[in-house]
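# Structure at a glance
Each chain is listed here by its residues.
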Amino acid sequence: MIIGVPKEIKNNENRVGLTPAGVAELRKHGHELYVQSTAGLGSGFQDAEYEEAGATVLATIEEVYAKAEMIVKVKEPIAQEYPLIKENQLLFTYFHFASGEELTHAMIERKAVCLAYETVELPSRALPLLIPMSEVAGRMAPQEGAKYLEKPLKGRGILLGGVPGVKPAEVLVLGAGIVGTQAAKIAAGLGAQVTIMDISLNRLRELDDFMPKNVVTQYSNEYNIRAAIKTADLIIGAVLIPGAKAPHLITREMLKTMKPGTVLVDVAVDQGGCIETCKPTTHENPTFIIDDIVHYCVANMPGAVPYTSTLALTNATLPYAVKLANLGWQEACRRDEALRLGLNVVHGEVVYKGVAEAWNLPLVDVQNVLEGATV
């Protein structure tokens with residue numbers, strides 16, 4: 001198969017879809033690799049390293065899209081990439097269609113095969129291609145929150161861990177999945193008093209067994225959230241419903257009950273956000289203020305630590321990329337249920353329930369696509 005790796009052009013996105021090691025592995029299986037010049041530079045990988053691994057380096061993004069049967073990326077294509085996408089071209093990347101109506105309609109129009117990292121799902125319900133970036137974003141969330149709690153950045157002026165004789169900050173984490181667990185661990189390690197909420201009592205029991213003593217668990221409901229936000233200094237939104245929009249657990253009117261200078265970090269912003277007032281921001285302009293509350297809603301948080309993020313992502317995606325290249329996407333998805341669940345839009349049709357529901361679009365049975373039926 002001919003595989004292309006374009007340079008990411010989303011604002012301040014420094015990750016890259018494949019490392020030189022990933023290129024070498026795919027070359028070992030006999031596939032052709034084309035990498036756009038400087039695609040890996042932001043993550044610390046030179047063009048020469050890709051060439052040594054067996055890739056051909058091309059000067060422009062247009063050349064990469066024109067040659068490739070499969071595109072391996074990190075973030076969803078943006079508007080200037082839409083015209084480059086060919087009918088039947090396989091795009092293997094994060095899409096988050098449920099929070100991007102324009103993107104959804106663009107991919108339908110291009111009749112591409114869109115296999116989304118974030119909905120590849122194992123029988124255990126684990127999301128193997130989302131986990132590494134969730135781990136990165138979860139660990140970054142308290143770090144970013146601590147920074148924006150500083151007074152010059154319009155926060156409350158409180159040190160997350162406090163000092164002897166002064167109480168530490170209170171951190172509220174909404175959601176006890178990968179992001180929430182990592183966020184709670186880091187916030188606790190910095191010395192904060194942490195409350196983590198979830199609707200799964202089993203998950204809260206698990207956390208209670210291994211979290212440090214400065215982390216308490218609490219069942220998530222509107223009453224408990226309303227009470228907790230009144231005293232929280234930093235609130236981290238870490239709610240995920242795979243492939244669907246995140247529910248709004250904090251509404252606009254709730255902001256008025258918070259302390260001025262409270263910081264909100266909504267890691268769920270890729271999926272529409274679990275805080276009503278959050279809208280996607282960039283590393284260039286990461287925050288905005290509503291009702292004296294600082295909102296940090298960067299949609300590609302791991303892009304700020306691209307070396308770590310690219311290595312972690314390639315570790316997870318490469319086995320699936322090899323399978324797709326070796327077998328072709330249809331056969332790979334027939335054999336691998338997890339990959340099949342990654343299919344979101346195929347040949348102009350929506351085949352993932354969460355995306356169809358988000359934008360009120362007809363849902364086509366993915367099995368018909370895999371069996372080669374007319375759709």
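Use the structure listed above.
No experiment lies behind these values; they were computed from the predicted model shown. (Residues numbered from 1 in each chain as written. Predicted model: local features only at pLDDT ≥ 70, side-chain atom pairs only at ≥ 80, totals over all residues. Heavy atoms only, no water.)

### Here's the deal with the environment of L313
Basically, it comes down to this: Think of it this way: any DSSP run of H or I at least four residues long counts as a helix, any run of E at least two long counts as a strand, and we number them from the N terminus. Each residue's exposure class comes from its accessible area (1.4 Å probe, protein chains only) as a fraction of the maximum for that residue type: buried when under 20%, exposed when over 50%, partly exposed otherwise. Any pair of residues with heavy atoms lying within 4.5 Å of one another is described as a contacting pair.
With respect to the secondary-structure elements, L313 resides in helix 9 (residues 306-327). A residue is classified by how much of its surface remains accessible, and L313, at 1% relative accessible area, is buried. Considered as a pair, L313 and N285 are 28 residues apart in the sequence and their alpha carbons are 25 Å apart. Contacts of L313, omitting those with residues within four sequence positions, involve V74, Y94, Y117, L129, P132 and M133.

### Quick word on the layout of surface pockets
If you roll a probe as big as a water molecule over the atoms, it shows you where there is empty space left. The condition is simple: Buried and open spaces are told apart on a 1 Å grid over the protein atoms alone, a cavity being a set of points where a 1.4 Å probe fits but cannot get out and a pocket being an open set with protein on both sides within 12 Å along at least five of seven lines. Residues with an atom within 4 Å of a point are the lining residues. Grid points are joined across faces, edges and corners, and a volume is the space filled by probe spheres set on the points. All amino acids are sorted into three groups, where Ala, Val, Leu, Ile, Met, Phe, Trp, Tyr, Cys and Pro are nonpolar, Asp, Glu, Lys and Arg are charged, and the leftover types, Gly among them, are polar.
For the largest pocket, the calculated volume is near 1200 Å³. Looking at the largest pocket, it is lined by 49 residues, and the ones nearest its centre are G177, I178, A238, V239 and L240. Those elements that place two or more of their residues in the lining of the largest pocket are helix 5 (131-148), helix 6 (178-189), strand 8 (193-198), helix 7 (201-210) and helix 8 (222-229). For the lining of the largest pocket, the element with the highest residue contribution is helix 5, accounting for 4 residues. Classifying every residue of the lining of the largest pocket gives 28 nonpolar, 11 polar and 10 charged. In terms of lining residues, the second largest pocket is bounded by 20 residues, among which K10, E76, S99, G100 and P280 are the most central. Counted by class, the lining of the second largest pocket contains 10 nonpolar, 4 polar and 6 charged residues.

### A word on unusual backbone geometry
Non-glycine residue K154 carries a positive phi angle of around 80°. Structurally, the position occupied by K154 is in the loop between helix 5 and strand 7 (170-174). Since its relative accessible area comes to 54%, K154 is described here as exposed. A positive phi angle is found at D292, which is not glycine, with a value near 70°. By secondary structure assignment, the location of D292 is in the loop between strand 12 (287-290) and strand 13 (293-296). Take D292: its relative accessible area is 51%, and that puts it in the exposed class.

### Focus: the pairing of strand 5 (residues 90-93)
Remark: a regular strand shows side chains that alternate across the two faces of the sheet. Condition: A pair of strands is labelled paired if DSSP reports no fewer than 2 bridges between them. Viewed with both strands pointing away, a crossover whose connecting path from the first strand over the helix to the second turns clockwise is right-handed.
Of the two faces of strand 5, the one lined by L90 and F92 and the one lined by L91 and T93 are each fully buried. In terms of strand pairing, strand 4 (residues 70-72) meets strand 5 through 3 bridges, oriented parallel. Of the residues in strand 5, the one forming a bridge with V72 is F92. Note: strand 5 against strand 6 (residues 113-116), 4 bridges, orientation parallel. Opposite L90, over in strand 6, you have V113 as the bridge partner. Read from strand 5 through helix 4 (residues 101-110) to strand 6, the crossover connection turns out right-handed.

### Quick word on the pairing of strand 8
The element strand 8 is extensively covered by neighbouring structure, given that 5 of its 6 residues are classed as buried. In terms of strand pairing, strand 7 meets strand 8 through 5 bridges, oriented parallel. Within the sheet, the bridge partner assigned to L172 lies in strand 8 and is T195. A crossover connection joins strand 7 to the parallel strand 8 through helix 6; in handedness this β-α-β unit is right-handed. Handedness of the crossover joining strand 8 and strand 9 (residues 215-219) through helix 7: right-handed.

### Focus: the packing of aromatic side chains
Applicable threshold: Between rings of Phe, Tyr and Trp, where Trp is taken as its six-membered ring, a pair exists when centres lie within 6.5 Å; planes separated by under 30 degrees are stacked, by over 60 edge-to-face, and by other angles tilted.
Applying the stated rule across the entire model yields 5 aromatic pairs. Considering the side-chain rings of F45 and Y307, the 6.2 Å spacing of their centres and the 35° angle between planes classify their relative orientation as tilted. Taken as a pair, F45 in the loop between strand 2 (32-36) and helix 2 (47-52) and Y307 in helix 9 lie far apart in primary sequence, 262 residues in all. Taking the relative accessible area as the measure of exposure, F45 reaches 9% and is therefore buried.

### Here's the deal with the sheet that holds strand 15 (residues 349-350)
Strand pairing in a sheet takes place through backbone hydrogen bonds and is either antiparallel or parallel in direction. In plain terms, the rule: In this analysis an axis means a line fitted to C-alpha atoms, helices contributing only their contacting stretch, and an angle means the value between N-to-C directions, from 0 to 180 degrees.
Overall, mixed pairing links the 8 strands, which are arranged 3-2-1-4-5-6-14-15 in an open sheet. The outermost strands of the open sheet, each flanked by one partner alone, are strand 3 (56-58) and strand 15. Taken strand by strand, helix 9 contacts strand 1 (2-5), strand 4, strand 5 and strand 6, and its axis lies near 170° from that of strand 5.

### Overview of the side chain of E13
Operational definition: Polar contact is the term for a pair of N or O atoms within 3.5 Å; when the atoms are in protein, one must be able to donate a hydrogen and the other to accept it, and sequence-neighboring residues count only if both atoms are side-chain atoms.
Mapped onto the elements of the fold, E13 is located in the loop between strand 1 and helix 1 (20-28). Judged by its relative accessible area of 6%, E13 is buried. Within polar-contact distance, the side chain of E13 engages the side chain of R15 at 2.8 Å. At 2.8 Å, the side chain of E13 and the side chain of N300 are in polar contact. If sequence neighbours within four positions are ignored, E13 has contacts with E8, K75, N300 and G303.

### Comments concerning the pattern of salt bridges
Pairing of side chains with opposite charge becomes possible as their charged atoms draw close. Selection criterion: Salt-bridge detection follows one rule: a side-chain nitrogen of Lys or Arg within 4 Å of a carboxyl oxygen of Asp or Glu.
Under the definition given, this model contains 21 salt bridges. A salt bridge links E13 to R15; the shortest N-O distance between them is 2.8 Å. No difference in accessibility class separates E13 from R15, as the two residues are buried. Residue K28 is joined to E25 by a salt bridge in which the shortest nitrogen-to-oxygen separation is 3.3 Å. Here E25 and K28 lie together in helix 1, a separation of 3 residues that amounts to about one turn. By relative accessible area, K28 is classed as exposed at 63%. Taken together, the shared-partner salt bridges connect K10, K75, E76 and D270 into one network.

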